[in-house]
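# Coordinates in review
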Amino acid sequence: MKMAQMITGRFRYVTCCLLAAALLCVLSALTHPGTAWAVPATGWVQQNGNLYYYDAAGTMMVGQKVINGKYFFFSTDAATRGALRTGLVNIGGTEYYFRKTGRPGVIGRGANGWVSIKQRGTCYCVNGQIQKESCIDDYYLNPNGSMTTTSRKMYKLVKKTVKQLTNNAMTQEQKLRQCYDYLCSNAFTYVTKRPFSYAPSWRLTYGYEMLTTHSGVCYNFSAALAYMARYVGYRDVKAIAGELLYLDGHWDLHSWTKIQIGGTWYVFDSSMEHGGMGDFWKKTYEGTGRKYREWSHL
């Protein structure tokens, strides 16, 4: 009997030791990933106040990496090697911006599209890389990637105008309709101020003039709608300069907005509708009942 009790006691002791050792291994794997005696960590791991990523083999990511189709950067510095970097980061002389908030897998993503960067202003990023000295969505960018003065004013004005006209309960197309109807309303006046400017930045010039003076010609109408359409989420948008065949048989200079929706390009001719010339909301060229000619060089 005593022998049986001794064996049972020793068995319990050994079992407890094994369980304790297993628990220590698990805890060490969570708190000290990458050590020789720990179970390899995988995925996102919070460690010492930083976020790290380990692949399926337990290898810590370092440098620029693509994870689930998203771009990230993990520190290459000796002191913080592998730590996820966020915010403004210079990588080999090229500036990037990575998201500063969100859950693991979201925080640290390379930004895409327009983003506000502290002490830099509104910039445009592609997989985190800040675009510089270029024209995007008819906004012009400085050498440091920030918007030029007029572009910045226009961006703020478009944002303010669209927010006043729309609400979050509206669909994308309902928001676009609000913007279109606004331009077609008596809040705007058709006024010829000068001959058309062929400058590359004519869309920015005419669009800004339209939303600040509430007056202008077809170029002003088309440019203003193009900016607002992009703001509500449409990507394939063009303010077109070209010609229109008028009912008396002559071709004359004209401008209109073209937006691709569901794979089809549609005409939105707000200046014609403003002038009482018919319904020009979301029409194919054939559907307008008019003949248009686009100028490819503008």
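Thresholds applied
- All chains use their own residue numbering, which begins from 1 and follows the written sequence.
- Reporting in this predicted model follows two pLDDT cut-offs: at least 70 for local features of residues, and 80 or more for side-chain atom pairs to be given and counted; totals over whole chains, interfaces and linings ignore these cut-offs and use all residues.
- The side-chain values count all of the structure's non-hydrogen atoms but skip hydrogen atoms and water molecules.
- The numbering of helices and of strands both runs from the N terminus, where a helix is a DSSP run of H or I of at least 4 residues and a strand a run of E of at least 2.
- Remark: exposure states derive from per-residue accessible area (1.4 Å probe, protein chains only) relative to the maximum for the residue type, with buried under 20%, exposed over 50%, and partly exposed in between.
- Between two residues, a contact is recorded if the distance between any of their heavy atoms is within 4.5 Å.
- All accessibility values rest on the Shrake-Rupley procedure with a 1.4 Å probe; residue burial counts only the protein chains present in the view.
- Polar contact is the term for a pair of N or O atoms within 3.5 Å; when the atoms are in protein, one must be able to donate a hydrogen and the other to accept it, and sequence-neighboring residues count only if both atoms are side-chain atoms.
- Only C-alpha atoms enter the line fits that serve as axes; for helices the fit covers just the stretch in contact. Angles between N-to-C directions range over 0 to 180 degrees.
- Angles are sorted into four bins: roughly parallel if under 35 degrees, roughly antiparallel if over 145, roughly perpendicular if 65 to 115, and oblique for all others.
- Throughout this entry, Asp, Glu, Lys and Arg are counted as charged residues, while Ala, Val, Leu, Ile, Met, Phe, Trp, Tyr, Cys and Pro are counted as nonpolar. The remaining residues, Gly among them, count as polar.
- One less than the number of residues in a helix, times 1.5 Å, gives the span that helix is expected to have.
- We define a nonpolar core as any set of buried Ala, Val, Leu, Ile, Met, Phe, Trp, Tyr and Cys residues linked to one another through side-chain atoms lying within 4.5 Å.
- In what follows, salt bridge is the name for a side-chain nitrogen of Lys or Arg lying within 4 Å of a carboxyl oxygen of Asp or Glu.
- Pairing between strands is defined by DSSP: at least two bridges between them are needed.

## Observations regarding the overall build of the protein chain
From N to C terminus, the protein chain includes 7 helices and 17 strands. Per-residue burial for the protein chain yields a buried fraction of 43% across its 298 residues. For the protein chain, the share of sequence-separated contacts (at least 6 apart) that also reach a separation of at least 24 residues comes to 42%. Total accessible area computed for the protein chain in this model is approximately 16,400 Å², and 53% of it derives from carbon and sulfur atoms.

## With respect to the environment of Gln-46
Mapped onto the secondary structure, Gln-46 falls in strand E1 (residues 43–47). Among the residues examined, Gln-46 registers a relative accessible area of 54% and is labelled exposed. C-alpha of Gln-46 to C-alpha of Pro-104: the two residues are 58 residues apart in sequence and 9.1 Å apart in space. Engagement of the side chain of Gln-46 in a polar contact is seen with the backbone oxygen of Asn-50, the distance being 3.5 Å.

## Details of the packing of helix H2 (residues 149–165) against helix H3 (residues 172–184)
Relative to each other, H2 and H3 sit at 100°, their axes nearing to 9 Å. With respect to their mutual orientation, H2 and H3 come out roughly perpendicular. Counting all contacts with H2, which are made through Thr-161, Val-162 and Leu-165, the residues of H3 involved are Gln-178, Cys-179 and Tyr-182. Class assignment of the residues belonging to the contact of H2 with H3 gives a composition of 4 nonpolar, 2 polar and no charged.

## Notes on helix H4 (residues 202–213)
Within an α-helix, residues lying three or four positions from one another point in the same direction, as the helix has 3.6 residues per turn. For H4, which comprises 12 residues, the first-to-last C-alpha distance of 16 Å matches the rise-based estimate of 16 Å (1.5 Å per residue) to within 8%. Listed as buried for H4 are Trp-202, Arg-203, Leu-204, Tyr-206, Gly-207, Glu-209, Met-210 and Leu-211. After H4 finishes, the residue His-214 shows a positive phi value of roughly 60°.

## Remarks on the nonpolar core
Looking at soluble globular proteins, one finds that nonpolar side chains tend to be buried together. Of all hydrophobic cores here, the largest spans 53 residues; its most connected members are Val-158, Leu-176, Leu-183, Trp-202, Tyr-219, Ile-259 and Phe-268. Elements represented by at least two residues in this core include exactly H2, H3, H4, helix H5 (218–231), strand E14 (237–245), strand E15 (251–261) and strand E16 (264–268). Here the element with the most residues in this core is H5; it accounts for 10 residues. The next biggest cluster of nonpolar side chains, apart from the first, holds 8 residues, and it includes Tyr-53, Phe-72, Phe-74 and Leu-84.

## Overview of the pattern of salt bridges
Counted under the stated rule, the structure contains 12 salt bridges. With a shortest N-O distance of 4.0 Å, Asp-137 and Arg-230 are connected by a salt bridge. Of the two residues, Asp-137 is situated in the loop between strand E10 (135–136) and strand E11 (139–140) and Arg-230 in helix H5; the sequence distance between them amounts to 93 residues. Both residues of the pair, Asp-137 and Arg-230, count as buried. Each of Asp-137, Asp-138, Arg-230 and Arg-235 takes part in one network of salt bridges that share partners.

## Digging into H2
Helix length check: H2, at 17 residues, gives a terminal C-alpha distance of 25 Å against a target of 24 Å (1.5 Å per residue), a fit within 8%. All buried positions along H2 are accounted for by Ser-151, Met-154, Tyr-155, Leu-157, Val-158, Thr-161, Val-162 and Leu-165.

## What to know about the sheet that holds strand E17 (residues 292–294)
Here we have 4 strands laid out as an open sheet, ordered E16-E15-E14-E17, and antiparallel in their pairing. Across the chains shown, the open sheet's two edge strands, defined by having one partner strand only, are E16 and E17. Put simply, the sheet's adjacent strands are angled 45° from each other on average, direction ignored. Alignment of E14 against E15, held across 9 bridges, turns out to be antiparallel. Paired with Gly-242 across the two strands is His-254, which belongs to E15.

As far as function goes, none of this settles anything; it's purely spatial.
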